[in-house]
Structure formats: structure tokens, C-alpha cells
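For reference, the chains in residue letters:
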Amino acid sequence: MKKIVLTGASSGIGRALAIELGRRGAELVIAARRKSELESLAQEIAAVGGTAHVLVLDVANVAAVKEGLAEADRMLGGFDTVIANAGVGINDPEDAFNWEDVERMLDVNVRGAFATLVHSIPYLRAHGGGQLSAVTSLAGRRGLPASGAYSASKAAVSVFLETLRVDLLAENIRVTDIQPGFVDTPMTQRNRFKMPFIWSAEKAASYISDELEGAPGVIAFPLPLDMVTSAVSMLPNVIYDPLAKLMLDRNKHKQE
Ligand SMILES: NC(=O)c1ccc[n+]([C@@H]2O[C@H](COP(=O)([O-])OP(=O)(O)OC[C@H]3O[C@@H](n4cnc5c(N)ncnc54)[C@H](OP(=O)(O)O)[C@@H]3O)[C@@H](O)[C@H]2O)c1
């Protein structure tokens, strides 16, 4: 039975993933800021046969992350899997350079994810190995117009995971970068542009749970967007820049 610490569990992908992993028999620590959402989720997980412990945690507070992981270790009696999923995607069409928004994405998506990953390592070592993962995004494969801070925040975590994967190999700690395309969650329900190949949170959760079993280096989905973003990541700037500008203008036009 897996013992899992999952951040960002109160909503969207994290919530669906917690239920799916609970259904598969995992014992989880479900972490986020909203206690009432976590408490109702814990009941839902119990109803499908899993066990969940609630941990109220703001990942932007690094000291709290460290303490929270120690608390999770006590609640679970050691853990073997970590999924750093907490994240924010702020996309203000009026102002893509609002510093408060940029700072929030750095604090939660970068500092919060890095802190969760780094401070989990001693517990996985103590366990004799395990699985360390984070939910990044296909949006991190290239700087997306009007979403630069979000793309950059996810790219930072992906690059960090890439090195952790090698650094921790000899210690039997498998590292997985989970890169979703569009998933229907409160985060994307605010978007007013068309989101190609969008998946439900339940479909994403089921896919991630299946794939995590094999502990691959990267879990990217859906396949068509995985392929498109791979190809786009290799385009020279001379082709990418006008294409990205075209996309930006089209989305702006749709939002007017
Ligand atoms: N939806 C997509 O299309 C998509 C695509 C690619 C990647 N992702 C990534 O998937 C992850 C989950 O996103 P989602 O779509 O499921 O969004 P969501 O429904 O808005 O959920 C975000 C989760 O993160 C938690 N969170 C936010 N700030 C936090 C903080 N400071 N401390 C602790 N928890 C915090 C939220 O809980 P509280 O508010 O209760 O703290 C919530 O549980 C994110 O990392 C996102 O970037 C999403």
C-alpha cells in the first residue's frame, strides 16, 4: 500500500487524483490551504476505501512546508510517494505583467514546489527510496505569449526534476515530471479562449495514477498536445515568434 503526500488536493486535478489513489488503496496526506474542502475530500476518500489525513498547508511558506512534511511523516508512519501538485495559474488578459500575479506564481509554483521536493528527500531516503513527482505543465515547454510567468514557473520545476532524476537515481528515488495539457478545473474554467483536447480532472487523475505505477521520467498528456508542444519547443525563434504572436492576437480577438 502506497503512502502518499499530495499537495494542492482541495480542488481540480489534486482532488480527483486523491480520490483515484484512495480508490486504489493508498493512504494519503492531503494538503492545501482550505481545511473544509480537505475534510469533505477525506470523507469521500474513505467512502471509496482509502484513508486520508488532512494537512492545512500554504506551500508558499517554506518553513510551513518543512514542518508539514514532518507532520505528514508522523501521520503516515513514513511515506514513499510525494506529488507536488499545488499551483496557481493567473492569466489576466488586461495585464500579463502585474507584479503581484508574477510573484504569486513564483512563490507557489516555484518556491512551493521546490520546497516540497527538497524537504521530502530526507523522508524518502529514510524509507529506503520512493517516488518524487510534481505537476508541471506542457505550457513549460516554451514561453507562451501572455503567460510568460506561468510558463517560466513550470519550466523551472521541470528542469529541476530533470536533474533530480539523475541525482537521486542511485538512492532508489524515482523522479517523475507530470506535464498535463488542458484539464477542466477551477483554474481553467476562468479561461475564455478555446482549450484544445481538454480532459476532465477524473480522466487526468486516472491516467496519472496508471502511469505513476511504472515511475516514468515524464508523464505528458494528451498525446496530440504532447506532440505539438514537443515540435514547437524545437522551432527556431524566427518561426516561433510570429506564430506565437498570431496565437496571441487570435485569443485576444476571441475575448473581445
Ligand atoms: N488545469 C490545467 O489545465 C492544468 C494544466 C497543466 C498543469 N496544471 C497544474 O496542475 C496543478 C493543479 O491545478 P488545477 O488545474 O487542479 O487547479 P485548481 O483547481 O485551481 O487547484 C489548485 C490547487 O492548488 C492549491 N493551492 C494553491 N495555492 C496554494 C498554496 N499557496 N499552498 C497550498 N496549496 C495551494 C489549491 O488549494 P487551496 O486553494 O485550498 O490552497 C488547489 O487545491 C497546478 O500545479 C497547475 O499549474 C493544470
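Quick note: structure is the one above.
So, a few notes on the structure that sits alongside this text. (Residues numbered from 1 in each chain as written. Predicted model: local features only at pLDDT ≥ 70, side-chain atom pairs only at ≥ 80, totals over all residues.)

A closer look at the site of the ligand
Move 1: Among the 32 residues in the neighbourhood of the ligand, the closest are listed as Gly-8, Gly-12, Arg-33, Gly-87 and Thr-185.
Move 2: Counting residues per element, the ones that place at least two in the shell around the ligand are helix H1 (12-23) and helix H4 (99-127).
Move 3: Counting residues per element, the shell around the ligand draws most heavily on H1, at three residues.
Move 4: Here the shell around the ligand is composed, by residue class, of 15 nonpolar, 13 polar and four charged. (Near = placed C-beta within 6 Å. Helix = DSSP H or I, 4+ residues; strand = E, 2+ residues; numbered from the N terminus. Nonpolar A, V, L, I, M, F, W, Y, C, P; charged D, E, K, R; others polar.)

Concerning the sheet that holds strand E1 (residues 3-7)
Move 1: With parallel pairing, seven strands are arranged side by side in an open sheet as E3-E2-E1-E4-E5-E6-E9. Of all the strands in the sheet, just strand E3 (51-56) and strand E9 (218-221) have a single pairing partner and so form its edges. Strand-to-strand, the axes of this sheet are offset by a mean angle of 15 degrees, without reference to chain direction.
Move 2: The sheet contact formed by strand E2 (residues 27-32) and E3 spans six bridges and is parallel. (Pairing = 2+ DSSP bridges. Axes fitted to C-alpha atoms, helices over the stretch in contact; angles between N-to-C directions.)

So, the environment of Ala-84
Move 1: Locating Ala-84 in the fold gives a position in strand E4 (residues 81-84).
Move 2: Along the primary structure Ala-84 and Asn-237 are separated by 153 residues, whereas in three dimensions their C-alpha atoms are 32 Å apart.
Move 3: If near-sequence neighbours (up to four positions away) are discounted, Ala-84 is found in contact with Thr-7, Ala-113, Thr-116, Leu-117 and Ala-134. (Contact = placed C-beta atoms within 7 Å.)

Observations regarding the environment of Ala-63
Move 1: Relative to the elements of secondary structure, Ala-63 occurs in helix H3 (residues 62-76).
Move 2: For Ala-63, a count of 9 C-beta atoms within 10 Å translates into the label exposed.
Move 3: Separated by 45 residues in the primary sequence, Ala-63 and Val-108 have C-alpha atoms spaced 13 Å apart. (Buried ≥ 20, exposed ≤ 12 C-beta atoms within 10 Å, placed from the backbone.)

Observations concerning the nonpolar core
Move 1: Counting 66 residues, the largest nonpolar core has Val-5, Leu-6, Ala-18, Leu-28, Ile-30 and Ala-31 as the members making the most contacts within it.
Move 2: If one sorts the elements of this core by residue count, H4 sits on top with seven residues.
Move 3: Residue contacts for Ala-18: discarding those within four places in its chain leaves Leu-6, Ala-9, Leu-28, Ile-30, Leu-41, Ile-45 and Ala-52. (Core = buried A, V, L, I, M, F, W, Y, C linked by C-beta atoms within 7 Å.)

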